[in-house]
Amino acid sequence: DAGVTQSPTHLIKTRGQQVTLRCSPKSGHDTVSWYQQALGQGPQFIFQYYEEEERQRGNFPDRFSGHQFPNYSSELNVNALLLGDSALYLCASSLASGQPQHFGDGTRLSIL
Amino acid sequence: AQSVSQHNHHVILSEAASLELGCNYSYGGTVNLFWYVQYPGQHLQLLLKYFSGDPLVKGIKGFEAEFIKSKFSFNLRKPSVQWSDTAEYFCAVSPTGGYQKVTFGTGTKLQVIP
């Protein structure tokens, strides 16, 4: 039973570039959430997708956008990258909102 | 909006010592509460959860947590820690109903000394 898989594991970008991170949820899960975890901090909620729609959003600018596909997989896009976007980006899936989440290993994004 | 406070940032214990990690949340309505653990080199995983009912919940590996509604607290406990409990522990809260976001605390790093 595959858990949550994220790709790539590590990415290096420069300021102003755009990045796309990918996530495949745990088998049977239909809800995907994305988090940003800065060093020494807890995960910060970016947004949640269910039925291919953004259902909830945290305090992140419009530069952060996402998408969910019919097979429940999801992408996180970040435009106009800033140095402060350097962080670990976590994807979590669950069977419905509010249920316990299963996390992936994350994508470490470094902005130079 | 909800918030979560974990007051202990770094805890060092000897094996067999008892553990209690504090978690307080702020929210005006009913909530679901979670403790997640991240072992070194591994992803976050659920330790235990509270949705409703008995406020004392038991999780994996001998951990338990008690929801005290009047204190807005959900402290994590373990009577006797092991070296393998060395990890980072995160408390999280989510309002009940509908599409809700989960808010995490800043985490507590637990180091257990053999």
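Residue numbers restart at each chain and count upward from 1, following the sequence in its written direction. Written order determines the labels here, with chains lettered from A and ligands numbered from 1. pLDDT decides what is reported in this predicted model: residues at 70 or higher carry local features, side-chain atom pairs at 80 or more are listed and counted, and totals for whole chains, interfaces and linings draw on all residues regardless. Water and hydrogen atoms were dropped before computing side-chain values, which therefore reflect all heavy atoms in the structure.

**Regarding the pairing of strand β9 (residues 87–94) of chain A**
All names here are of chain A. As a reminder of what qualifies: When accessible area is computed with a 1.4 Å probe and restricted to protein chains, residues below 20% of their type maximum are described as buried, those above 50% as exposed, and intermediate ones as partly exposed. Here a helix means four or more residues in a row that DSSP labels H or I, a strand means two or more in a row labelled E, and each is numbered from the N terminus. The criterion for strand pairing is that DSSP finds at least two bridges linking the strands in question.
Here β9 lies mainly inside the structure; eight of its eight residues are buried. Here β9 shows no split at all, with Ala87, Tyr89, Cys91 and Ser93 on one side and Leu88, Leu90, Ala92 and Ser94 on the other all buried. As defined by bridge partners, β9 adjoins strand β11 (residues 107–111) across three bridges and the pair is classed as antiparallel. Directly across from Leu88, in β11, lies its bridge partner Arg108. Taken together, the two bridges between β9 and strand β10 (residues 102–103) define a ladder with antiparallel strand orientation. Note on β10: the bridge partner recorded for Ser93 is His102.

**Comments concerning the confidence of the model for chain B**
Note the following rule: Confidence of the predictor at the level of single residues is captured by pLDDT, which takes values from 0 to 100.
Chain-level pLDDT for chain B is 94 on average; 100% of the residues reach the 70-or-more range. Taken element by element, the predicted model of chain B shows its lowest mean pLDDT in strand β11 (residues 103–104) of chain B (94) and its highest in strand β9 (residues 73–78) of chain B (98).

**Some points on the pattern of salt bridges**
Here is the rule: Salt bridge, as used here: a side-chain nitrogen of Lys or Arg that lies within 4 Å of a carboxyl oxygen of Asp or Glu.
According to the stated counting rule, one finds nine salt bridges over all chains in the structure shown. One salt bridge in this structure joins Glu75 of chain A and Arg22 of chain A, with 3.4 Å as the shortest N-O distance. With Glu75 of chain A in strand β8 (residues 74–78) and Arg22 of chain A in strand β3 (residues 19–24), this pair connects stretches of sequence that are 53 residues apart. Residues Asp85 of chain A and Arg63 of chain A are paired through a salt bridge, measuring 2.9 Å at the closest nitrogen-oxygen approach. Remark: Arg63 of chain A occurs in the loop between β6 (53–57) and β7 (64–68) and Asp85 of chain A occurs in the loop between β8 and β9; sequence separation between them is 22 residues. Each member of the pair, Asp85 of chain A together with Arg63 of chain A, is buried. Overlapping salt bridges bring together Lys58, Glu64, Glu66 and Arg77 of chain B as one network.

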